[in-house]
Amino acid sequence: MGNNEMNSMIGVYKWREKRLLFTARLPGLGFYDCSFLSLDNSFGICGIDLVHFWTKSESHEPYRHCRGSTNLFPSQVQMTSIACVDGAVVTGSTSGALWLWEGRVLVKRVEVFRFPITKLFASSAGLFVSTQDGTMHLLSKELVLQRRLDPFSRSDSHDIETLCWDTNREKLLVGDSSNCLREMGLNSASKFVMGCHSTCHSALTDFTIDTLNDKIITVGEDGFVRKWDKDARVILQQHNLEGGLSCIAYDQGADQVAVGFCKSDNCCSSDKTDVAFVILCGNDLTNIIHHGHNSQKTLTVCKFSNDGKFVAFGAKDCGIYIHSTDKDFPLVAKARGHSAPILTFDFGCADDSPDSASFLRSNSINGEALYWSTNAKKQTPLSQRHTRWESQSCIYGWYLEGAHDLCAEENSTCITSCCPLSDRSIVVGDSSGRLRVLPNPARSKDTVYLQFTSHHGKVQKIERCGDSLYTLGSDDSCLCMWKVSSLTWPPTMPPSLYNDHVIIDEKKEDQHLSVSLALATAQMEDLDFSTSHAEKTSSTHKPLRPWMRSIVPPSNYTPQLGPLPDGRLVLERIHGYDGHNAKNNLHYISSGESIVYSVGKTLVRYDEEGDTQHFCSVEGRINCLAVHQERSLCAIGQEDAAQGIVIVDLKTMNYMSLCKSTANGIQCLDFDESGRFLLALGGNRLTIHDVDNEVMIASTLTHATETLDVRFTTAANTLVEVGRNLVRLWFIKGSDMRFEEVDMSTMQNVSWWNRISELSTVDLLS
């Protein structure tokens, strides 16, 4: 079935014979669902114009159309989904009612649900019904409600985006718009497979950690503030503040949470009574202690001082608002001096009062670094040489000069966040999603560093809690939890490596790529660092950065030659599922005992036994996946064609091979039945790769306006391509590929043909 603004069409194909059996223009617009009924000699559609049926008595006869008769139950309700349960046709509607049909006559209405029905799914156990409130229900074949599957909180409302059915274990795997994965059994309660930290297509904007209770508190654009048990990955508390939230901070001493609000960039309101932030009770997020007012713009960052006397907010209006934590949280001072929105800031203490916050240092998004007293008096960098800073979140400082020089050589990346791991190590995140562990301070771009990858896009925030490090990706809205472990370097490591450029990357790759972090660390004793290097060429003049004038080392800093980082990161957990930025990226494997999916630049295998995750990272953002069950292989298509198609062994989560690709960004992948050949679609080019020999055996242009999906068929050397107004069957002979257009001459102005799945390939062409 195809819909567009002009008309709606439906077609029936006999795919093995490449023949169009039937096509018809639908009577009206706005149809939502179509399905074969008990046999392939009848099918039905439903939508705004109620229900229509097509039937035929003999296989050689044409389908005959009849409109569903609702004389017994006159209604203008819209039908949203249709299914056939044990020979009985059932439709769901926006009113929440189920409708039972005999032939073309509506004979029964069952009032079951209060919310609109979004999807019906027939199984051997009965009828699954999903409703707009995000719940799923199991009904018997007599349409009697047997069980409610409620994977979401009653206060949330999520769209179900991905559904994967495991026929062996009879379980449903559901991916929703809140970046969650949940598994629902037929006769058991739903299982929370993967934690979420954003809802309803609204991004997670910030998080903080309750270090005393080891809990994570998150805020998002949906207006919810949530407290999570990070080990059980369940929501302990949540409260809707009825407005987009932008930043959060936690004060351990007073057990209070500060939350800042988002404001529309187009908002012209000058009402100074608009709430800019709230202070919540840490034990009870529903208990609002104070409503605060300061900026008319979005608050970008907030922090409590360690002594608990101040809470400060950075804003898009380029100001920093410093409040006292006394009664009513009065505004103490407003720091004005930046020319761009505030990126981050740190509190600092003077030497003579080490337990009392007296100063701030702040960064803006355009690279400014300024210093202030807590009463908003601007300070000189030289006067702050004796200040002891409570945190190290400012990315523009003397201690990261080498890290900025390193990013400047790469041109396309910049540092976006940082957090110290120890007195000798600091981790920095950049705009491409990489994490680098460097010595602290990092004064030279040629120093040794460790590199890790998980997110795609900007690493928005990094925060450490005990032996764990948490990173937030701004594009994938997922939290990654890393285990921080100590790293001991060989005693033969020279004290200075300014003439060496050593990178240790944590990706797991074969001999064609770099070795894994574990292997590189284990073999560090065998490395020879005595190799002579050519003398450095004279450095070219570098443009002055806005923050360079503020680079002043502290008074107690002792210059050292080539310090080495003493810590490394091991990815332990990814909280969240990114179903928005990748295609076909959710699969069952091992007879349903494991799940494979992607987040950012990371392939994740989740094992139900032991509740564990295993990871494999690639260089680029993952666009799509293809899985071959028998050989336990996964093909990863990346955004950049130069990075190729990576083949991963799902048992070991190690690289097996790399298929070079000439296509511009891989959009679709599919294995053939044997698992030896891989079909790839990139841009307007189809390519077929021999995975075992890592060679491309065929390639051709599709010449299509827009191709949406390609798949191997069950027939040998044949594949199907679908796209905008086209269905093509391709035939492969050696390295030659040719296609035949499916006859669609009678189907004028057909709109979009959707992605082919294993089931819909047969339905579309049979």
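Worth saying up front: this structure is predicted, and the values here are computed from it rather than measured. Positions within a chain are numbered from 1, following the residues in the order the chain's sequence is written. Owing to the predicted nature of the model, reporting of local features is limited to residues with pLDDT of at least 70; listing and counting of side-chain atom pairs is limited to 80 or more, with chain, interface and lining totals taken over all residues. The side-chain values count all of the structure's non-hydrogen atoms but skip hydrogen atoms and water molecules.

(A) Examining the nonpolar core more closely. Core analysis: the largest hydrophobic core is formed by 31 residues, its most contacted members being Val-427, Leu-435, Leu-469, Trp-482, Leu-569, Ile-574 and Tyr-597. Residues belong to a common nonpolar core when they are buried Ala, Val, Leu, Ile, Met, Phe, Trp, Tyr or Cys residues joined through side-chain atoms within 4.5 Å. For every residue, the accessible area (1.4 Å probe, protein chains only) is compared with the maximum for its type, and the residue is labelled buried under 20%, exposed over 50%, or partly exposed between those bounds. Core analysis: the second largest hydrophobic core is formed by 17 residues, Cys-394, Ile-395, Tyr-399 and Leu-438 among them.

(B) Summary view of the packing of aromatic side chains. A pair of Phe, Tyr and Trp rings is counted when the ring centres sit within 6.5 Å of each other, with Trp represented by its six-membered ring. The angle between the planes then sorts it: under 30 degrees is stacked, over 60 is edge-to-face, the rest tilted. Taken as a whole and assessed by the stated rule, the structure comprises 13 aromatic pairs. Considering the side-chain rings of Phe-345 and Phe-347, the 6.0 Å spacing of their centres and the 85° angle between planes classify their relative orientation as edge-to-face. Here the two residues Phe-345 and Phe-347 agree in accessibility, since each one is buried. Relative to Tyr-399, the ring of Trp-398 has its centre 6.1 Å away and its plane inclined at 80°; by these criteria the two rings are edge-to-face. Assigned by exposure class, Trp-398 and Tyr-399 land together as buried.

(C) Structural context of the sheet that holds strand E30 (residues 319–324). One open sheet accounts for 4 strands, arranged E28-E29-E30-E31; its pairing is antiparallel. Each of the sheet's edge strands pairs with one partner strand only, and the pair in question is strand E28 (299–304) and strand E31 (331–336). Neighbour to neighbour, the strand axes of the sheet diverge by 15° on average, direction disregarded. Pairing between two strands requires that DSSP report at least two bridges joining them. Under the scheme used here, helices are H or I runs from DSSP no shorter than 4 residues and strands are E runs no shorter than 2 residues, and both carry numbers assigned from the N terminus. With 5 bridges connecting them, E28 and strand E29 (residues 310–315) associate as antiparallel partners. In the sheet register, Val-301 faces E29, and the bridge partner there is Gly-314. Interaxial angles span 0 to 180 degrees and are taken between N-to-C directions of axes, which are lines fitted to C-alpha atoms, for helices over the stretch in contact.

(D) Molecular detail of the sheet that holds strand E4 (residues 31–36). Sheet architecture is open: 4 strands sit in the order E4-E5-E6-E7, paired in antiparallel fashion. The outermost strands of the open sheet, each flanked by one partner alone, are E4 and strand E7 (64–67). Between one strand and the next, the sheet's axes are offset by a mean angle of 20°, whatever the strand orientation. Where E4 and strand E5 (residues 42–47) come together, 5 bridges link them in antiparallel fashion. Looking at E5, one finds that Cys-34 is bridged to Ile-45.

(E) Fine view of the pairing of E30. Burial runs high along E30: 6 of the 6 residues are buried. The two faces of E30 match: Gly-319, Tyr-321 and His-323 on one face and Ile-320, Ile-322 and Ser-324 on the other face are all buried. Bridge count between E29 and E30: 5 bridges; the pairing is antiparallel. When the sheet's bridge partners are listed, Gly-314 is paired in E30 with Ile-320. Taken together, E29 and the strand that follows it, E30, pair antiparallel across an intervening segment of 3 residues, in which Cys-318 is found at a positive phi of about 75°. For E30 and E31, the ladder comprises 5 bridges, and the chain directions are antiparallel. When the bridges of E31 are listed, Gly-319 appears paired with Arg-336. A loop of 6 residues connects E30 with E31, the two strands running antiparallel in sequence, and Asp-328 in this loop sits at a positive phi of about 70°.

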